[in-house]
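Listed here are the chains, written in short residue letters.
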Amino acid sequence: MASTAIATPLAPTAYSGEQSGVWSWLTTVDHKRIGTLYLFTALFFFMWGGVEALIIRAQLGAPNQHLVSAEFYNQLFTMHGTTMIFLAIMPLSAAFFNYLIPLQIGARDVAFPRLNAFSYWVYLFGGIFITVPILFAVAPDGGWFGYAPLTTRAYSPGINIDFWVIGLQILGVSSLAAAFNFLTTIINLRAPGMSLMRMPMFTWMSFVVQFLLVLAFPVITIALVFLLFDRFFGTNFYNTVDAGADPLLWQHLFWIFGHPEVYILILPAFGLVSEVIPANSKKPLFGYPVMVYSGILIAVLGFGVWAHHMFAVGMGPIADTFFSLATMLIGIPTGVKIFNWIATMAQGHVRLNTPMLFAIALVALFTIGGISGVMHSSPPADLQQTDTYFIVAHFHYVLFGGSIMGIFAGIYHYFPKMTGRMLDEKLGKIHFWLYFVGMNITFFPMHFAGMLGMPRRIYTYDAGQGWESYNFYSSIGSYIIGVATLVFAWNFLKSRRSGAIAGPNPWGAATLEWTIPSPPPDYNFAKIPTVTSRYPLWEGKEADLESARFNAQEGKTAADFGIVMPYNTIKPMIVAFGLVLMFCGLLTSRVIIFLGAGIMIVSLFTWLLSPLEPEHH
Amino acid sequence: MSATVTHHYTSTGLDNRKIAIWAFIGSECMLFISLISTYLIYKGRSVVGPLPHEKWTDPSTGHTFAPILNIPVTSMSTFVLLMSSLFMVLALAAVQNKGRPLPANAGWWTRKLASSQLWLFMTALAGATFLGFQAYEFTSFVNEGLTIKTNLFGSSFFTLTGFHGAHVTAGVLWLLALLSIDARRGLGPSDALNVDICALYWHFVDVVWIAIFTLVYLIR
């Protein structure tokens, strides 16, 4: 490696924020550190939601059990869904958005580094706000979909639903702020030559997801505002008894958000798998443009299928037909993806390491979930299946078999990039097989329990209905998943310290993030690369390889290259704190609302008026 | 604003903030579409009055409520808000052209056109006037017996127009912040983007009002 002479080692304005200690984490604006914060926090909430699931399975393992009360059971299934969707899977995806998007497109950071920190802190505080109540048995208990009028004050008088309405409102702020940021980043911060059709597939799917977030979240914001106003100010949006409100208003608004949300949960996992499979098959992704278009098509169609969640309410034959056909259509682009992944592996030099096993598991298990999804796109079939365990089986195959398997493929694949060390392969394979087997033992029997008529959301059931054995298997399977998660946690913590050294590109992968050291330096790229190909490290010209060699230099600082880094700042966290405090005031007193708003506005102004980074020279 | 203006490379050549504000506006469209749709779905479904365009007699008291919307007054406030968009355009032009020498024979009007402070102030003033009209409208509705709790019309009307009013309020505060910076150190062409982004937001809020005025007030 050529030694680069550094003429002015420390330019007077060069600034490198504090790199260690708690304060450095509270004030960081580095997308990689924020991604790491997301990863740790989301894994914590993933385990929290998992424990809730294990209590549910303990309760349902045998008939007529009374381990928990019916009231607490309602809180458990509500918070299991809410936690896994809003606090685990979405933020796990956000961890990868943060960490990978700038690295994959050849950028030094996201477009708005401080806004990025703000998104994380709002997520953390909002997550704490919505999860802590279950410790005091006052957690939300209206299901993750919170159907109004059930959740209005008349039918849910307690504080439980207040936590849910306000908590989701807070988390929405975080998701929207992050979406504006990533959308801008992908549109505007691509390295020279990184045209849209050269972007890595993970960045492409993330791009699509940001559009979904930007367009779907305002709808649930308004649905929640109506519910909030109904509960706190006595409006009539969901007041079906006295005011003649429409009992379907909430369902329509919620599912216009809720169905795109399903793709918000799965598309990032599709993106991760589309990185893992080519890298471990030593072949470019089969049908790249079709993969892009099918992702876009899934997102577009995803806005036109919401009412398939509502076939049972009696919308009439025309609406049922429309939404049924639109739903079946989504099977086409999804199927295209499945076949393209298989075609990528076909005749490749397939390496069955842990990330690849998780990726293949996604392809297989998501297909099962997709097929059961096509089954209930037919209204007559859906009327038999809706609100039964068949539906629970379906969405766990797509969310656990799909999203979670894909995210773990991503964690095993990118852990070396994030930490510089490999995860242990042996423990990884134990983790994988326990997940794969446990997941199928848990969720496959639910199809049968559902077909035999077992309804969702019941806290216990009588013997003699043919459900006992299926529920017993499900509970056993869920504990296998629990043990496997502990194996993963052990592997994760152990390998961070003592895993094998990874080097810049342990998998021989092709994209830009593998050209730089592991873990990447704070400035990412010593020199912003010029991109001439979709796979710079596989088919790049001499210039690509030269730039990759330059960027692979270890142990340099931003100052060595005269790169200006943004200042660390605590302000985004204080703004986030003020925002959440303001929302807390709704449950306590007006003084708190004004105090929170005051903190938010003052710190927001100081944030906006302070420079992001030292002046350039 | 006082922050250093840095010129990073971007793929589109546009500033990041410009892209972000368009994404934000796209998101805001869905917000207002949800609000307006709910208003339209609930139109004509209130079980008690007062009602927007129709008379309503309370069967228990025999009291008759007149149609509550005051279209002439709201037309005036709409006009004021539309004018504010014109002022905003002039403010942005004045900031962009700051420092360009005026022709020697420039008259009073030409010199006034070049004053960014004047037009930022006029925009904020027109916005505040609109809010004044809205405060008057809300209080008179409450006095006539329509609150946010009365019926479906009251809930959806006050929430929709209140959300719009909150957006106007945020815009006025934004304009006043720009105005105070302009007064302190003067806004020039290098700040034009900051004013441009504010202007995009302001025009958007204005366009939303045109939709609301048409769908809520004009169409029966």
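The structure presented is a predicted model; accordingly, all values stated were derived computationally and were not measured. (Residues numbered from 1 in each chain as written. Chains lettered and ligands numbered in written order. Predicted model: local features only at pLDDT ≥ 70, side-chain atom pairs only at ≥ 80, totals over all residues.)

## Focus on the overall build of chain A
Within chain A, the regular secondary structure consists of 18 helices and zero strands. Projected onto its principal axes, the C-alpha positions of chain A cover 80 × 65 × 45 Å. Residues classed as buried in chain A amount to 56% of the 617 residues present. Within chain A, residue pairs in contact and separated by at least 24 positions form 82% of the contacts whose partners lie at least 6 positions apart. (Helix = DSSP H or I, 4+ residues; strand = E, 2+ residues; numbered from the N terminus. Buried ≥ 20, exposed ≤ 12 C-beta atoms within 10 Å, placed from the backbone. Contact = placed C-beta atoms within 7 Å.)

## Describing the overall build of chain B
When helices and strands are counted, chain B shows six helices and two strands. Secondary structure elements of chain B, listed N to C terminal, follow the sequence α-β-β-α-α-α-α-α. Along the three orthogonal principal directions, the C-alpha set of chain B runs to about 70 × 45 × 25 Å. Residues counted as buried form 36% of the 220 residues belonging to chain B. At a minimum sequence separation of 6, the contacts of chain B that also span at least 24 residues come to 77%.

## Details of the interface of chain A and chain B
With 33 residues of chain A at the interface, the matching set in chain B holds 30 residues. Secondary structure elements with two or more residues in the side of chain A that touches chain B: helix H5 (160–188), helix H6 (201–233) and helix H7 (249–281) of chain A. Top element by residues in the side of chain A that touches chain B is H6 of chain A. It accounts for eight residues.

## Describing the environment of Thr235 of chain A
Note on placement: Thr235 of chain A falls in the loop between H6 and H7. Apart from the residues lying within four places of it in its own chain, the contact partners of Thr235 of chain A are Phe229 and Asp230 of chain A together with Ile148, Lys149, Ser155 and Thr159 of chain B.

## Details of the packing of helix H13 (residues 425–451) of chain A against helix H14 (residues 468–498) of chain A
Helices that pack against each other are described as a pair by the angle of their axes relative to one another and the distance between those axes. Residues and elements named next belong to chain A. Between H13 and H14, the least distance of the axes is 8 Å, while the angle of their chain directions is 160°. Relative to H14, the element H13 lies roughly antiparallel. For H13 against H14, the interelement crossing comes out left-handed. Partitioning the contact of H13 with H14 into residue classes produces 21 nonpolar, nine polar and no charged. (Axes fitted to C-alpha atoms, helices over the stretch in contact; angles between N-to-C directions. Parallel < 35°, antiparallel > 145°, perpendicular 65-115°, else oblique. Left-handed = near helix turned anticlockwise from the far one by under 90°. Nonpolar A, V, L, I, M, F, W, Y, C, P; charged D, E, K, R; others polar.)

## With respect to the confidence of the model for chain B
If pLDDT is low for a region, its predicted coordinates should not be looked at in detail. Residues and elements named next belong to chain B. Taken residue by residue, chain B gives an average pLDDT of 93. The fraction at 70 or more is 97%. Segment residues 1–6: pLDDT under 50, and eleven contacts once partners within four positions in sequence are set aside and those in other chains are kept. Here the prediction assigns the complex a pTM of 0.94, and the interface score ipTM is 0.94. (pLDDT = per-residue confidence, 0-100.)

## Considerations on the confidence of the model for chain A
Mean pLDDT for chain A: 93, with 97% of residues reaching 70 or above. In the predicted structure, residues 1–15 of chain A sits below a pLDDT of 50 and forms 17 contacts with residues beyond four places in sequence or in another chain.

## What to know about the packing of helix H4 (residues 116–144) of chain B against helix H5 (residues 152–185) of chain B
Residue and element names in this part refer to chain B. Where H4 contacts H5, the two axes come as close as 9 Å, and the packing angle between them is 155°. One finds that H4 runs roughly antiparallel with respect to H5. Of the two elements, H4 crosses H5, and the hand of that crossing is left-handed. Residues Ser116, Gln117, Leu120, Phe121, Thr123, Ala124, Gly127, Ala128, Phe130, Leu131 and Gln134 of H4 lie in contact with H5, whose contacting residues are Thr161, Gly165, Val168, Thr169, Gly171, Val172, Leu175, Leu176, Leu178, Leu179, Asp182 and Ala183.

## Description of unusual backbone geometry
For the peptide bond that leads from Ala148 of chain A to Pro149 of chain A, omega is 5°, which places it in the cis range. With respect to the element layout, Pro149 of chain A can be found in the loop between helix H4 (113–131) and H5. With omega at -5°, the peptide bond leading from Gly49 of chain B into Pro50 of chain B counts as cis. Secondary-structure assignment places Pro50 of chain B in the loop between helix H1 (16–42) and strand S1 (56–57).

## Focus: the environment of Ala307 of chain A
Residues and elements named next belong to chain A. For Ala307, the position within the fold is in the loop between helix H8 (288–302) and helix H9 (317–345). C-alpha separation for the pair Ala307 and Gln251, spaced 56 residues apart in sequence, amounts to 8.4 Å. For Ala307, the residues in contact, after removing those within four places along its chain, are Trp255, Met315, Ala319 and Phe323.

## Brief notes about the environment of Glu539 of chain A
Residue and element names in this part refer to chain A. Position of Glu539 among the secondary structure elements: in helix H15 (residues 536–539). Judged by the 12 C-beta atoms lying within 10 Å of it, Glu539 falls in the exposed class. As a C-alpha pair, Glu539 and Pro445 span 94 residues in sequence and 47 Å in three-dimensional space.

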